[in-house]
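Descriptive analysis of the structure
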Amino acid sequence: MSATVIRNDCQLSGRGTATTAAGRTFGPNHRWKVLGIGVAANAGFSATFSGIPATAVVLRQGYHLSNAELGLALGLLGLGVALSELPWGLLTDRWGDRRVLLIGLGATAAWLLAMATLVVPTRSSIPDVTLLAASLLVTGLLGGSVNGSSGRAIMAWFRENERGFAMSIRQTAVPLGGGLGALVLPSLALAFGFAAVFGLLAAASALSALFAWRWLHEPPMAGGGHAASSEAAGPAPLRNIEVWRISTAIGLLCFPQVAVLTFASVFLHDFAGLGTTAISASLAAVQVGAMVMRVWSGRFTDRHGKRRQFLRLCSAQSALAFVVLWLLVLAAPAMPASQSILIAVLPVLVVAGISVSAWHGVAYTELATLAGARHVGTALSLANSFVFVGFFLVPVAIPGLLHLWSWPGVWLSAAACALVAWPIFLPRTEPPAAKSPDFETTTSSRPRKPDRPR
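Residues numbered from 1 in each chain as written. Predicted model: local features only at pLDDT ≥ 70, side-chain atom pairs only at ≥ 80, totals over all residues. Heavy atoms only, no water.

Observations concerning the nonpolar core
- Counting residues in hydrophobic clusters, the biggest one holds 125 residues, and the most contacted among them are Phe 194, Phe 198, Ile 250, Phe 322, Trp 359, Trp 407 and Trp 411.
- Per-element tally for this core: the top contributor is helix α17 (residues 376–424), with 20 residues.
- Among residues more than four places away in sequence, those in contact with Trp 359 are Ile 250, Leu 253, Cys 254, Phe 310, Leu 311 and Cys 314. (Core = buried A, V, L, I, M, F, W, Y, C linked by side-chain atoms within 4.5 Å. Buried < 20%, exposed > 50% of the residue type's maximum accessible area, 1.4 Å probe, protein only. Helix = DSSP H or I, 4+ residues; strand = E, 2+ residues; numbered from the N terminus. Contact = heavy atoms within 4.5 Å.)

Spelled out as structure tokens, the structure:
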């Protein structure tokens, strides 16, 4: 069980170092190594669940898929994560971060290596869509271990006034891995096939597992050797209405993000006529912009509070950006100078993608704060279950939307999801009492001032 939440046998050893009862000593900057492990693990898995969709055009050609079959295969990758997130999170709160992360990363690496050997097109045969979809489903089931376990480790190692910044840096791993995947994987698939794609992703997971084995350990508690209370003051996450509300809003706001991650490459190819290089650069621009915004937003909300207000602003801005994109796509066929509209579509899509990807670190910090120290893994995994429900439903739904209403229907639906998330981020009239003493913070007060009225 995790020393983070129930152990009282850790003590300080000298200025700036700490020692557990087992004799393991940590330097004052060890928490940054833990953060680096979280970033590496999430970046590796992000390169899988965001990078593989970036190869959608090549995937469609190489495996001879229709748009519906492509959507199903990509959607099952997200469904696997959605189904496994909560069980992995419960195991993390029971077994600890290190064990779950090592098991998950090792199994993911082994499975991707098997896919590189057995589930790739060759000159003599092309894998059936059922085999491809089932393989991606298992990839998601195994990879779901990464999110909750790495997030719990970071919340345990960092102080309250650093957690928003640290979690936001950790969340930059998602656009970092996705951006690298968008830049590298489509060209790699074209040049060397999907054996190279799956092999590279397997190597990334194996390397992250090696880092976790070397440096990820349970943190000692400062302050005279007494850990914070292991019990949250309120209900457990699965019985906490505020945790469910924030998790639902996170999931809804991810729907338009998933639309960009999974089908933006197809949109830019089929609608705007862009080539592989331009598409990869555009998706990489979305991921880099999201990465910068996540770091900034974490530091900003650590200093000024108001996490809920920031999340509502992101929802409104994302809805507006997708409405503009909808109008441009709707107007393009009717305009004589449609080429100029096609040129305008690209930056608007990039802005929309950044807006709907900038808030994750802030949202997860708020959620972990509501859940309390003992239940961080469960709460983060609950939110990620909603997120990856989107990774399943959105790719499956988009081909149907394309059939009924073409691309304007896709982007208008994305705007609607972002708009629906806006009111859910509003705080309740009666604030919940479910606050753990060691994660005590609010969304409306500045850090280090817990006695200020909410």
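Read on for the rest.
Observations concerning the packing of helix α9 (residues 163–171) against helix α16 (residues 360–371)
- Look at α9 against α16: their axes get within 8 Å of each other, and the N-to-C directions meet at 130 degrees. When the axis of α9 is compared with that of α16, the two are oblique. Both α9 and α16 take part in a crossing whose hand is right-handed. Each of Arg 163, Gly 164, Met 167, Ser 168, Arg 170 and Gln 171 in α9 lies in contact with α16, whose residues at this interface are His 360, Gly 361, Val 362, Tyr 364 and Thr 365.
- Residue composition of the contact of α9 with α16, grouped by class: three nonpolar, six polar and two charged. (Axes fitted to C-alpha atoms, helices over the stretch in contact; angles between N-to-C directions. Parallel < 35°, antiparallel > 145°, perpendicular 65-115°, else oblique. Left-handed = near helix turned anticlockwise from the far one by under 90°. Nonpolar A, V, L, I, M, F, W, Y, C, P; charged D, E, K, R; others polar.)

Examining unusual backbone geometry
- Look at Lys 306: it is not a glycine, yet its phi comes out positive at around 60 degrees.
- By secondary structure assignment, the location of Lys 306 is in the loop between α13 (276–304) and α14 (307–331).

Quick look at a nonpolar patch on the surface
- Together, Leu 90, Leu 238, Ile 241 and Trp 244 give the surface a local cluster of nonpolar side chains, amounting to about 340 Å² of exposed area.
- Assignment of secondary structure puts Leu 90 in helix α5 (residues 67–95).
- When its relative accessible area of 42% is taken as the criterion, Leu 90 is described as partly exposed. (Patch = residues over 30% accessible without salt bridge, like charges linked within 9 Å, V, L, I, M, F, W, Y side chains within 5 Å. Areas by Shrake-Rupley, 256 points an atom, 1.4 Å probe, with all protein chains shown as cover. Salt bridge = Lys/Arg side-chain N within 4 Å of Asp/Glu carboxyl O.)

Regarding the environment of Ala 114
- Mapped onto the elements, Ala 114 comes out in helix α6 (residues 97–118).
- Classification of Ala 114 as partly exposed rests on a relative accessible area of 28%.
- Distance from Ala 114 to Ala 202, taken between C-alpha atoms, is 9.1 Å for residues 88 residues apart in sequence.

Some details on the packing of α16 against α17
- Taken N-terminus to C-terminus, the directions of α16 and α17 make an angle of 135 degrees; their axes are 8 Å apart at the nearest point. Judged on the interaxial angle alone, α17 and α16 are oblique. Here α16 and α17 pass one another in a crossing that is right-handed. Contacts between α16 and α17 pair Tyr 364, Leu 367, Ala 368 and Ala 371 from the former with Val 376, Ala 379, Leu 380, Ala 383, Asn 384 and Val 387 from the latter.
- Its residues assigned to classes, the contact of α16 with α17 shows nine nonpolar, one polar and no charged.

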